[in-house]
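The primary structure of each chain is shown beneath.
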Amino acid sequence: MAGLSGLAAALVAFSLDASPAFAQGKLEAQYEATLAGIPVGRGAWNIDITEDQYSASAVGGTAGLLKAFASGSGAGAAQGRVINGALVSANYTASTTTSKKTEAIHMVLNNGTIKEYAIEPEPPVDPGRIPVTEAQKKGVFDPMTGSMLHVPGTGDPLSPEACHASAAIFDGRMRYDLRLEYKRMETVKAERGYRGPVVVCAIYFSPVAGYIPDRPVIKYLSAARNIEIAFAPVLGTRILVPYRMVIPTPLGVGMLEATQFITQAAPPHVPKTN
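Cut-offs used in this document
- Residues numbered from 1 in each chain as written.
- Predicted model: local features only at pLDDT ≥ 70, side-chain atom pairs only at ≥ 80, totals over all residues.
- Heavy atoms only, no water.
- Disulfide = S-S within 2.5 Å.
- Helix = DSSP H or I, 4+ residues; strand = E, 2+ residues; numbered from the N terminus.
- Buried < 20%, exposed > 50% of the residue type's maximum accessible area, 1.4 Å probe, protein only.
- Core = buried A, V, L, I, M, F, W, Y, C linked by side-chain atoms within 4.5 Å.
- Phe/Tyr/Trp six-rings, centres within 6.5 Å; stacked < 30°, edge-to-face > 60°.
- Pairing = 2+ DSSP bridges.
- Contact = heavy atoms within 4.5 Å.
- Polar contact = N/O pair within 3.5 Å; in protein donor to acceptor, adjacent residues only side chain to side chain.
- Salt bridge = Lys/Arg side-chain N within 4 Å of Asp/Glu carboxyl O.

A. Region of interest: the state of the cysteines. Tallied over the entire structure, the rule returns one disulfide. For Cys163, the disulfide goes to Cys201, at an S-S distance of 1.9 Å. Residues Cys163 and Cys201 are joined through a disulfide that is left-handed, its torsion about the S-S bond being -70 degrees. In this pair, Cys163 sits in the loop between β8 (149–150) and β9 (166–170) while Cys201 sits in strand β12 (residues 195–209), placing the two residues 38 residues apart along the sequence. There is no split in this pair, since Cys163 and Cys201 are both buried.

What follows is the structure, given as structure tokens:
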């Protein structure tokens, strides 16, 4: 679950919508992760977007057969401002717990620049890891905010144009780039909640810094050309979020898919007048 959701926390559009007023929306979603069709994890994701701020939080853990061999859990949260319809992160936190260790990451951002970040406990220095420079900490998004795709304009956000996006991501350890490319439109039906169209994008991963080049997972993800994400809307906004993610692996197809996707819109706030 953690591996799938870590890469899924990935995309954001970088253009601004020029509309004078923006609605509000909420999402309550639950996901199941499978590997070769076998359940391996479950999680939940809650998002609240208002006219001028947003918050998002997620929790997840191993499930099914995998839990009998290696249990683990994780949580993450992001908060920030809404500026002209786009999400601008201010704070990000993430934690993971396994039978061997617990790790926590926190970051503070200001207009796309990492102002401070830390990993606790502090990991040992690995001479093989490519260091992240100060310049590479500018113009970036945290992973959770980056997974919420802002589609500029006034047309239908669920369109091929939504996949014309790329982003620079910093997760507290690694700096990487992600690029989307349109694949197709689909119709989905969650067990609870959303029934309707999604836009499916291919996603391409390019590591920049903070990684160890010889790691097999880095080599595999960098060379992969068959990873895809299906995006569904947060009603009342121009924000799309992952409904399903598919990652072929040597052990079988890994999939993270929503089983519940309940989203609702709220009208823009109208100030009271005397």
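B. The nonpolar core, seen in detail. Ranked by size, the top nonpolar core spans 68 residues in total, and within it Met148, Val241 and Phe261 carry the most contacts. Among the elements that line this core, the one with the most residues is β12, at seven residues.

C. Structural context of the packing of aromatic side chains. The full count for this structure, using the stated rule, is five aromatic pairs. Taken together, a centroid distance of 6.4 Å and an interplanar angle of 45 degrees make the contact between Tyr31 and Trp45 tilted. Placement of the pair is Tyr31 in strand β1 (residues 24–35) and Trp45 in strand β2 (residues 38–49), with a sequence separation of 14 residues. When sorted by exposure, Tyr31 lands in the same class as Trp45, which is buried. Aromatic pair Tyr117 and Phe170: ring centres 5.1 Å apart, planes at 85 degrees, arrangement edge-to-face. Taken as a pair, Tyr117 in strand β7 (residues 113–120) and Phe170 in strand β9 lie far apart in primary sequence, 53 residues in all. For Phe170, a relative accessible area of 0% gives the class buried. Counting every residue linked through ring pairs, the aromatic cluster contains Tyr194, Tyr243 and Phe261.

D. Local environment of the pairing of β2. For β1 and β2, the ladder comprises 11 bridges, and the chain directions are antiparallel. Following the sheet pairing, Gln30 is matched in β2 by Ala44. The antiparallel pairing of β1 with β2 creates a hairpin that spans two residues between the two strands, and Ala36 there sits at a positive phi of about 55 degrees. The turn joining β2 and strand β3 (residues 53–62), which pair antiparallel and follow one another in sequence, is formed by three residues.

E. Fine view of the environment of Arg81. Tracing the chain through its elements places Arg81 in strand β4 (residues 72–83). Sequence separation between Arg81 and Thr50 is 31 residues, and the spatial gap between their C-alpha atoms is 9.1 Å. Excluding residues within four positions of it along the chain, Arg81 makes contact with Asp52, Gln53, Tyr54, Ala86, Leu87, Val88 and Asn111. Of note is the side chain of Arg81, whose polar atom sits 2.8 Å from the side chain of Asn111.

F. The pattern of salt bridges, seen in detail. Per the stated rule, a full pass over the model turns up 10 salt bridges. Asp177 serves as the salt-bridge partner of Arg175, at 2.7 Å between the closest nitrogen and oxygen. On the basis of relative accessibility, which here comes to 29%, the residue Asp177 falls in the partly exposed class. The shortest N-O distance in the salt bridge between Arg179 and Glu181 comes to 3.4 Å. On the basis of relative accessible area, Glu181 is assigned to the partly exposed category, the value being 36%. When salt bridges with common partners are traced through the structure, they connect Lys183, Arg184, Glu186, Glu228, Arg244 and Glu257 into a single cluster.

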